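Topology and contacts: notes
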Amino acid sequence: PGNLHPNASNIDALSQHFPLCMSHLHSTLRANAHLKHFGRLQYGLFLKGLGLSLEDALLFWRRSFRNMTDEKFDKEYRYNVRHSYGDVGGDANRRGRGYTPYSCQKLLTEALPGTGQNHGCPYRTFSPDNLVALLQNTGISDREVLKGVREDVGKQRYHIACNRVFDFTHKKEIKKVKDEGLWSASELDTILHPNTYFKRSFMLKH
Ligand code: SF4
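Just so it is clear, the structure is predicted and the values come from calculations on it, not from any experiment.

The subject of this paragraph is the packing of helix α9 (residues 128–137) against helix α10 (residues 143–154). Axis separation between α9 and α10 bottoms out at 10 Å; the angle between their running directions is 145°. Crossing hand, α9 versus α10: right-handed. Residue-level inspection shows P128, D129, L131, V132, L135 and Q136 of α9 in contact with α10, the latter providing L146, V149, R150 and V153. A class-by-class count of the residues in the contact of α9 with α10 yields 7 nonpolar, 1 polar and 2 charged.

Here the domain parsing of the protein chain yields domain 1 (11–102) and domain 2 (122–205). Computed over C-alpha atoms only, the centres of domain 1 and domain 2 are separated by 25 Å. Counting residues at the interface gives 13 residues for domain 1 and 15 residues for domain 2. Together domain 1 and domain 2 conceal approximately 1,200 Å² of surface at their shared face, both sides included; 76% is due to carbon and sulfur atoms.

Turning to the nonpolar core, a few remarks are in order. If you look at the biggest cluster of nonpolar residues, it comprises 30 residues, and the most contacted ones within it are F18, M22, Y43, F46, L47, F60 and W61. Elements that contribute at least two residues to this core include exactly α1 (11–14), α2 (20–32), α3 (37–50), α4 (54–64) and α13 (194–205). Residues in contact with F46, not counting those within four places in the same chain, are F18, P19, M22, P101, P194, N195 and F198.

Definitions and cut-offs
- Residues numbered from 1 in each chain as written.
- Predicted model: local features only at pLDDT ≥ 70, side-chain atom pairs only at ≥ 80, totals over all residues.
- Heavy atoms only, no water.
- Axes fitted to C-alpha atoms, helices over the stretch in contact; angles between N-to-C directions.
- Helix = DSSP H or I, 4+ residues; strand = E, 2+ residues; numbered from the N terminus.
- Left-handed = near helix turned anticlockwise from the far one by under 90°.
- Contact = heavy atoms within 4.5 Å.
- Nonpolar A, V, L, I, M, F, W, Y, C, P; charged D, E, K, R; others polar.
- Domains from an automatic or database assignment.
- Buried area = accessible area lost by both parts, 1.4 Å probe.
- Core = buried A, V, L, I, M, F, W, Y, C linked by side-chain atoms within 4.5 Å.
- Buried < 20%, exposed > 50% of the residue type's maximum accessible area, 1.4 Å probe, protein only.

Structure representation (structure tokens):
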């Protein structure tokens, strides 16, 4: 298996393994050179969960806000990144550790994003038509899969839709590890955390 060393320069490459909630935030960040507060929090903690160091996180965000001066970044954004890593502020409990990456459960129950916000789980926050368009943008055109996704989200089984997409996009690799008995059944359990999605995808493809 390949070694996973996330740094400020390889997030674009790693983003092929991101679940839709995070690939949507990543492409929004690339398109707008900005993300709103809750999007930064959700995405930043996910990247932290990948193992991105505080130094690399600061570099990643500084470069991603490419239209911003250093002064503005230092004044308005640097502190929040450090805070999420527990480098500054917070109670004694969080000092040195900061905040934990959000689970699907959390993302699926928080308040819906407002206009211009992009956080949350797209399987829940997007209308079915926009969701299908978003999936098609990521290269998923299989009619059966898209039909299944529509049925899942119609029944509010959002994480099942996400797992359906994972199973489809990793079909070959999953068959291989099953056929060769390389992975136990529990290693292929339903995904309930964006960081699990990433890790499983990365391991299957490397
Ligand atoms: Fe992200 Fe979980 Fe929603 Fe999948 S089900 S898009 S991992 S929040």
